[in-house]
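# Structure at a glance
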Amino acid sequence: MSALPDTVIVEPLATGAATETPLGRIARDFVTNPIAIFGIVLLLLVVLAAILAPFISPQNPYDLAQLDVMDSRLEPGSKALTGGTYWLGTDDQGRDMLSAIFYGLRISLSVGVASTVLALLIGLTMGLAAAYLGGRVETLIMRIVDIQLSFPAILIALILIAVLGQGTGKVIAALVTVQWAYYARTVRSAALVEKRKEYMEAARCLALPPSRIVFKHLLPNCLPPTIVVATVQVAAAIALEATLSFLGLGLPITEPSLGLLIANGYQYLLSGKYWISFFPGVALLVTIVSINLVADQLRDVMNPRLQK
Amino acid sequence: MSEPVLRVEELRTHFFTKAGVVKAVDDVSFIVNRGEVMGLVGESGSGKSMTGYSLMGLIDPPGRIVGGRILLDGIDVIKLSGEEMRQMRGNRVAMIFQDPMMTLNPVLRIDTQMIEAIVAHRKVSAGDAHAMAAAALSKVGIPSPEERLSAYPHQFSGGMRQRVAIAIALLNKPDLIIADEPTTALDVTIQGQILYEMQKLTRETGAAVIWITHDLSVVAGLADQVSVMYAGRIVEQGTAEQVLGRPRHPYTRGLLDSVPANNARGARLKQIPGMTPSLLDLPPGCPFRERCSYAQSDCARTPLMRPLTAGQSVRCHHPLA
Amino acid sequence: MLVYIIRRGLQSVVVLFLMSVLVFVGVYAIGNPIDILINPQADQQDRERAIAALGLDKPLPEQYWTFFTGALHGDFGKSFVHATPAISLILERMPATLELAFAAMLIAVVFGIPLGLWAGLRPNGIAGRTIMAGSILGFSLPTFWVGLMLIMVFSVVLGWLPSNGRGPTVDLFGLIPVSFFSVDGWRHLMLPATNLALFNVALLIRLTRAGAHEALLQDYVKFARAKGLTNRRIIGVHVLRNILIPIVTVVGLQFGALIAFAIVTESVFAWPGMGKLLIDSINVLDRPVIVAYLLIIVTMFIVINLVVDVLYSALDPRVRLTESKG
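Residues numbered from 1 in each chain as written. Chains lettered and ligands numbered in written order. Predicted model: local features only at pLDDT ≥ 70, side-chain atom pairs only at ≥ 80, totals over all residues. Heavy atoms only, no water.

## Some points on the interface of chain A and chain C
Put simply, the test is: Between two residues, a contact is recorded if the distance between any of their heavy atoms is within 4.5 Å. Reported buried area values correspond to the accessible surface (1.4 Å probe) lost by two parts on association, with both partners' losses combined. Polar contacts, as used here, are pairs of N or O atoms within 3.5 Å; protein pairs need one atom able to donate a hydrogen and one able to accept it. Residues neighboring in sequence count only if both atoms are side-chain atoms. Helical segments are the DSSP runs of H or I of at least four residues, strand segments are the runs of E of at least two, and each set is numbered from the N terminus. As a working rule, the residues Ala, Val, Leu, Ile, Met, Phe, Trp, Tyr, Cys and Pro are called nonpolar, Asp, Glu, Lys and Arg charged, and the rest polar, with Gly in that last group.
The partner chain C presents 38 residues to the 34 residues of chain A that form the contact. For the pair chain A and chain C, the summed buried area comes to about 3,100 Å², and 82% of that belongs to carbon and sulfur atoms. Remark: the boundary between chain A and chain C carries 3 residue pairs in polar contact (both at pLDDT 80 or more). Among the elements that make up the side of chain A that touches chain C, the one with the highest residue count is helix 12 (residues 275-302) of chain A (10 residues). Residues that form the side of chain A that touches chain C fall into these classes: 24 nonpolar, 8 polar and 2 charged.

In structure tokens, the structure reads:
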């Protein structure tokens, strides 16, 4: 044994790690990367801005009483007639862009998160059903997934909007339809790996009820990859919603998301009034990049094979 | 005897990893005479493959040759420029690798992979290069070489692929071939064929061979000289009869004892206790002492290579009788 | 090979059929076909005549049959807005979209592969890291916003390139109008093509880098070095030939995605392609054009997938066609 000093020293550490909860380990591994910390701080700021929009915005951008057309299309840093400063300028209706962006973030984030959660539930159910039931159910579900994933998300979303018509609920429906297939595929492959393990054989031999097998064994093992996909998909959903709104096919004007703000500024861009489009775009970019940074690190810490 | 084709002196190849310095090759010296086969024997991780790569100038960062000389026909190849090194590789010194399934590029035809090895070193016409490739294939015992030249690697069996690799190594009539466990990945019957083929070809061409292996039985039938490596160092050197017939280092003894054929039927197989030590920050002293039943307190001092009898030398304070 | 192509072709026909059913169900069954297919501005008499003419009073399977046979002949009805057959409207716009997509793919390949190769060969260098960071940005940036920023910088601030529209066209083979023969055509093409290419540049960088990184670790590269080949030959032939297989596959598949994503770019740059036509049609509820667009783009996708599959098996000598799954 004395020939193996390394292993002897490593052992207490290994047992120490075993008593730690998986969540604790993930949290500990997560903060090892400065870029990931930067990402999560950025994301927290974005989420806070979205949640606190009514309290931190200089004005309520959709209360027409607070808007003054005389203040329209002012440059960033201009003084308002009422006294305040429009740090990011105003749009064509004299709306403070900073406030509009906070409110826009709120809408963009909630639509992105809502559609992701719904899609996650559907995809999880479908993926588990495919993996657990197998046979024809699996073939059918996975065929639909394959066909759907061979088309770009934007195309499917546009088809649905074209068929269903416009509106907040329909946009969310389109986003859900676009996303569920990613989860179904991820969950199924994770569940299949788990299903082939020996203890699953044992669980079946013990005649454990299917619900127990699915929820106690399959589901927990599918969660890590699913969470990673979900993080990436929130960003994708936000970007897709923004694109649809920019094209005028997304959320209605009563729900001005970042995409709509950018679209509003489009016509003024050519006359050099860049800020109406530019700043909402930056907000969108920061949101997406911060989510992607977090997702990148999550992917690394949740994948046990990648652990160094 | 004439000047040896290869003389390696105090070669050191270290890997500078984040965890520390790995001394993969540490003070290795040996000589390979013209037309001779030298068996370089050791367990995996003993540094034998890294010695081979060092000779070829194929050590990649974080690895680096940090000391010693590699004299090929009297010229130190460590001092060669990148381009001179490239001209040497595959021309004066060729190398064959372990897994023939992986060494040939799967998406290039055999003729492409052979002809490029020729034209990398000399100016020949396409037709001549093609003819040379075909001749090389037939020399290693591949039937209908003309047809096989236009095949892809996956259309060959493992043994056939290794023959192709050998043919490629022989294309430019090298003075030295480094064979890094070329039979390990093959079936036993194929192993025998390849061994036979190599022996025959090297005799015909007069090329010297460094045969890197962990398999002592291969060395016994093939090698003129044997060097045994342990933890990045050569621990015993001599002719095949000396080293295999009367090993003087406890490690070599242990290796020989753990070959099943050398044990009496029904007797318990002998083994060397413990594992090869990690080469990362290896402590001073004899690296084998933790596993050695002859170890004494002075083994904490690093032993030097010392000659015992004519041609046989050993790195041990307490060589076996 | 032939058997494989035929089998894949049959599969494609099945998928196409399924998609036509889906589109039919979407437009005729879920939506109100009378709203969708008949001009809302038509008076009551016209409406009834149209309902009878379209057979909307007949049972669904029979309606599908009418739709299906019409679609087979390329008959998707007339555009409400332009009063011309929807199919010819789309075919008219298709060259512009294809031109844009080809230009974008060219940009993606010309920049993406060398940059990815560089990053893959020197993963720890400053250039390599910068390239990879840039590619993450390329993935994250929403296409339409990048388009706006391109317009802002190159058209508004610098004034170098036009912000919208397509340059003058000449008919290639007297048939296909193309704009890349004139300087003005190039100037118009530059910004939208760059915009559309951005995502694919990032994708190709990642793909090439990953491929090069993996290939460099393979024994065949070590053996190639041991043969004394030059670095140029090892990278240009041994490495590139191996990573070219996934690259060609992705480039092929992405071509379809480019045509779809052109919808956004065409809207930003007012590029007169079929994507812009689709958005315009959705906005004015010009349903026959929408249906025609959908079925045409689905067909294009299926054909592209088929071609890529066949190409893949032709490129990789290891792929045994009899073993490959559909």
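After that view, the rundown keeps rolling.
## Describing the pattern of salt bridges
Residues and elements named next belong to chain B. Going by this rule: Salt bridges are identified by distance alone: a Lys or Arg side-chain nitrogen within 4 Å of an Asp or Glu carboxyl oxygen. Relative accessibility decides the category of a residue: with a 1.4 Å probe and only protein chains considered, values under 20% of the type maximum give buried, values over 50% give exposed, and everything between is partly exposed.
For the structure on display, the rule yields 21 salt bridges over all chains. Residues aspartate 26 and arginine 12 are paired through a salt bridge, measuring 3.1 Å at the closest nitrogen-oxygen approach. A residue pair is termed long-range when its members are at least 10 positions apart, and aspartate 26 in strand 2 (residues 20-32) and arginine 12 in strand 1 (residues 6-17) qualify at 14 residues. For arginine 12, a relative accessible area of 29% translates into the label partly exposed. Between glutamate 43 and arginine 291 there is a salt bridge whose closest N-O contact spans 3.8 Å. Separated by 248 residues along the polypeptide, glutamate 43 in the loop between strand 3 (37-41) and helix 1 (48-56) and arginine 291 in the loop between helix 11 (250-257) and strand 11 (306-309) bring together distant segments of the chain. Exposure remark for glutamate 43: the relative accessible area of 24% places this residue in the partly exposed category. Within this structure, Arg34, Asp73, Arg92 and Asp175 form a network of salt bridges that share partners.

## Brief notes about helix 11 (residues 258-269) of chain A
Our working definition: Multiplying one less than the number of residues by 1.5 Å gives the expected span of a helix.
In this model, helix 11 of chain A (12 residues) spans 16 Å end to end at C-alpha, consistent with the 16 Å of a helix rising 1.5 Å per residue. Listing the buried residues of helix 11 of chain A in full gives Leu258, Gly259, Leu260, Leu261, Ile262, Gly265, Tyr268 and Leu269 of chain A. Looking at the buried side of helix 11 of chain A, the elements it contacts are helix 5 (97-133), helix 10 (210-246) and helix 12 of chain A together with helix 7 (143-157) of chain C.

## Focus on the sheet that holds strand 11 of chain B
Residues and elements named next belong to chain B. The condition is simple: Strand pairing is assigned whenever DSSP identifies at least 2 bridges connecting the two strands. All axes here are fitted lines through C-alpha atoms, helices being fitted over the stretch that makes contact, and every angle between N-to-C directions spans 0 to 180 degrees.
Within the open sheet, the 8 strands sit side by side as 6-7-8-3-9-10-12-11. Their pairing is mixed. Only two strands of the sheet have a single partner each, and these edge strands are strand 6 (93-96) and strand 11. The mean angle between the axes of side-by-side strands here comes to 20°, regardless of whether they run parallel or antiparallel. Strands in contact with helix 7 (residues 158-170) are strand 6 and strand 7 (176-180); relative to strand 6, the strand with the most contacts, it is inclined by about 175°.

## With respect to the pairing of strand 4 (residues 63-72) of chain B
Residue and element names in this part refer to chain B. Bridge analysis of strand 1 against strand 4 gives 8 bridges, and the strand direction is antiparallel. Following the sheet pairing, arginine 12 is matched in strand 4 by glycine 67. Where strand 4 hands over to strand 5 (residues 75-76), the hairpin turn is made up of 2 residues, of which aspartate 73 adopts a positive phi near 55°.

## Structural notes on the confidence of the model for chain A
All names here are of chain A. Keep this limit in mind: Per-residue confidence from the predictor is reported as pLDDT, which spans 0 to 100.
Confidence along chain A averages 78 in pLDDT terms, with 84% of residues attaining 70 or more. Put simply, helix 1 (residues 5-19) is where chain A has its lowest mean pLDDT, 37, and helix 5 is where it has its highest, 88. In the model, residues 1-18 has pLDDT below 50 throughout and makes 5 contacts with residues more than four positions away in sequence or in other chains.

## As for the domain arrangement of chain B
Often the size quoted for an interface is simply the accessible area lost on bringing the parts together. All names here are of chain B. The following threshold applies: How far each domain reaches was decided by an automatic or database domain assignment.
In terms of domains, chain B is made up of domain 1 (6-83 + 175-315) and domain 2 (102-171). Taking only C-alpha atoms, the centre of domain 1 and the centre of domain 2 are 30 Å apart. In this assembly, 12 residues from domain 1 lie in contact with 9 residues from domain 2. Summed over both partners, the interface of domain 1 with domain 2 buries about 880 Å², with 71% contributed by carbon and sulfur atoms. Sorting the residues of domain 1 by area buried against domain 2 places Ile194, Glu197 and Leu201 first, and these three jointly supply 45% of that buried surface.

## Examining unusual backbone geometry
All names here are of chain B. The omega torsion across proline 61 and proline 62 is 10°, close enough to zero to call that bond cis. In this structure, proline 62 sits in the loop between helix 1 and strand 4. One non-glycine residue with positive phi stands out, namely lysine 173, at about 45°. Assignment of secondary structure puts lysine 173 in the loop between helix 7 and strand 7. Classification of lysine 173 by relative accessible area gives exposed; the value is 60%. Positive phi outside glycine occurs at alanine 231, with the angle close to 50°.

## Side note on the packing of helix 5 (residues 86-121) of chain C against helix 10 (residues 231-269) of chain C
All names here are of chain C. Rules: Orientation labels follow simple angle bins: below 35 degrees gives roughly parallel, above 145 gives roughly antiparallel, 65 to 115 gives roughly perpendicular, and whatever is left gives oblique. Two helices crossing with the near one rotated counterclockwise from the far one by less than a right angle form a left-handed crossing, whereas a clockwise rotation gives a right-handed crossing.
One can describe the packing of helix 5 onto helix 10 by two numbers: an axis separation of 9 Å at closest approach and a directional angle of 140°. Relative to helix 10, the element helix 5 is oriented oblique. Between helix 5 and helix 10 lies a crossing whose hand is right-handed. Contacts between helix 5 and helix 10 pair Thr97, Leu98, Leu100, Ala101, Phe102, Ala104, Met105, Val109, Ile113, Leu117 and Leu121 from the former with Ile235, Leu240, Ile243, Ile247, Val251, Gln254, Phe255, Leu258, Ile259, Ala262, Thr265 and Glu266 from the latter. Looking at side-chain class alone, the contact of helix 5 with helix 10 contains 19 nonpolar, 3 polar and 1 charged residues.

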